[in-house]
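Spelled out, the chains give:
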Amino acid sequence: MLYRLARPLLFRLPAETAHTLTLRALALSPLGGRAAPEPALAQRVAGIVFPNPVGLAPGFDKNAQVPDALFGLGFGSVEIGTVTPRPQAGNARPRLFRLIEDEAVINRMGFNNDGAEVVGRRLTQRLGRPGILGVNIGANKDSPDRVADYAEMTRITAPLATYLTVNISSPNTPGLRALQDESALGDLLDAVIAARGPHKTPIFLKLAPDLQTSDIDAICRIALDKRLDALIVTNTTITRPAGLRSPLAAETGGLSGKPLAPMALDMLRAFRSATGGAIPLIGVGGIASAEDAWQRICAGASLIQLYSAMVFHGPKLAQNIVTGLARRVRAAGMTSIAEAVGTQ
Ligand SMILES: Cc1cc2nc3c(=O)[nH]c(=O)nc-3n(C[C@H](O)[C@H](O)[C@H](O)COP(=O)(O)O)c2cc1C
């Protein structure tokens with residue numbers, strides 16, 4: 001109800017101001033605890049039991065300010081970050097745009113975050129509380145050694161996270177996506193795996209939707225070779241699909257939301273076929289309904305994540321998708337959502 005009243009006001013404010021206010025409201029809300037259990041939706045990935053497959057994608061709670069309130073909205077997992085070793089201001093504002101006509105977002109935030117020390121302290125304070133909490137790690141823009149940044153982030157956050165995501169797919173840190181190249185990726189993952197130490201925290205890798213087929217094959221080879229725990233497909237796109245209607249479509253940055261969905265689905269299918277199901281996939285990009293989530297799961301995703309659709313559909317979205325997925329599992333005559341993964 002509160003959201004229905006606040007929504008018109010939030011849409012009149014600049015996008016980043018609306019986002020900051022939403023985080024404040026969540027910090028004050030009594031929400032907390034964990035997602036309501038839906039036994040048919042529990043999924044085991046990388047040895048972690050996710051209570052449901054609907055996760056919050058990183059970028060919403062970059063600094064781990066409100067993870068427990070987000071679990072209270074029904075998310076089965078929350079990925080915080082991207083966090084870099086040193087705090088970073090990010091790009092100049094405005095850097096976040098709502099493309100209302102397209103149900104899309106463009107951002108060029110540039111890894112604005114509080115840095116490993118502050119975020120690490122917040123994570124330490126909530127250790128022991130329930131909830132699958134992923135930490136998405138990155139490199140500082142001005143770092144002379146980006147691989148060393150990922151290794152440092154791994155060392156600091158591996159004991160504090162349920163899983164880590166190596167993010168080499170943000171379009172807003174110049175040169176970062178080059179780490180997806182075959183030669184660079186192997187070295188990066190070796191450094192991260194070595195830095196994990198005795199904590200066998202699972203490692204996921206997050207990829208861009210703008211990859212060529214040859215890149216996909218190489219990434220899958222390396223991911224299997226290094227025994228990565230999951231691939232997250234996809235981050236935002238630097239392309240602008242035909243048919244965007246908003247005048248803000250020309251803004252520089254990564255596009256997410258509805259227009260990303262067909263690309264992200266194609267990428268997921270490509271990764272599924274390149275891995276043959278040998279490594280779990282997490283589908284992200286333009287998911288806005290239980291139908292979208294089900295389609296992604298049938299195309300090979302063990303889990304899904306979303307962010308942009310919550311901007312347009314509000315805080316009940318995660319719970320609605322969970323309820324809709326449970327209905328679909330039953331309608332398909334299945335006892336577990338695991339049976340649906342990769343069926344189409
Ligand atoms: C404002 C904003 C900030 C984001 N920041 C990050 C980030 O820091 N790290 C990251 O891996 N992805 C980031 N993302 C990408 C999302 O996690 C997700 O991969 C992408 O938006 C596609 O999903 P969606 O269409 O459901 O939003 C960001 C997205 C948005 C809209």
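A. Focus on the nonpolar core. The biggest cluster of nonpolar side chains holds 80 residues, and the ones touching the most others in it are Tyr 150, Leu 205, Leu 231 and Phe 271. Examining the composition of this core, we find that seven residues originate from one element, helix H11 (residues 317–331), more than from any other. Contact partners of Phe 271, with chain neighbours within four places excluded, come to Leu 207, Leu 211, Ile 216, Ile 219, Cys 220, Leu 231, Val 233 and Leu 281. Val 45, Phe 50, Ala 57 and Ala 230 belong to the second largest nonpolar core, which has twelve residues in total.

B. Summary view of the site of the ligand. Lining the immediate environment of the ligand, one finds 24 residues, of which Pro 58, Thr 82, Gly 257, Gly 286 and Ser 308 sit closest. Here an oxygen atom of the ligand sits 2.8 Å away from a polar atom, N or O, in the main chain of Gly 257. At 3.0 Å, a backbone N or O of Tyr 307 approaches an oxygen atom of the ligand. Within the complex, 98% of the 610 Å² of free accessible area of the ligand lies under protein.

C. Highlighting the environment of Leu 268. Here Leu 268 lies in helix H8 (residues 261–275). Separated by 36 residues in the primary sequence, Leu 268 and Ile 232 place their C-alpha atoms 8.8 Å from one another. Aside from chain neighbours lying at most four places away, what touches Leu 268 is Val 233, Leu 281, Gly 283, Arg 296, Ala 299 and Ala 301.

D. Main features of the sheet that holds strand E5 (residues 96–99). Pairing is antiparallel in the open sheet, where three strands are placed in the order E5-E6-E11. In this open sheet, the two strands that pair with only one neighbour each are E5 and strand E11 (254–257). Here the average twist between neighbouring strands, direction ignored, is 20 degrees.

Cut-offs and rules
Residues numbered from 1 in each chain as written. Predicted model: local features only at pLDDT ≥ 70, side-chain atom pairs only at ≥ 80, totals over all residues. Heavy atoms only, no water. Core = buried A, V, L, I, M, F, W, Y, C linked by side-chain atoms within 4.5 Å. Buried < 20%, exposed > 50% of the residue type's maximum accessible area, 1.4 Å probe, protein only. Helix = DSSP H or I, 4+ residues; strand = E, 2+ residues; numbered from the N terminus. Contact = heavy atoms within 4.5 Å. Near = heavy atom within 4 Å. Polar contact = N/O pair within 3.5 Å; in protein donor to acceptor, adjacent residues only side chain to side chain. Areas by Shrake-Rupley, 256 points an atom, 1.4 Å probe, with all protein chains shown as cover. Pairing = 2+ DSSP bridges. Axes fitted to C-alpha atoms, helices over the stretch in contact; angles between N-to-C directions.

In short, the description is geometric, and any link to function would need to be established separately.
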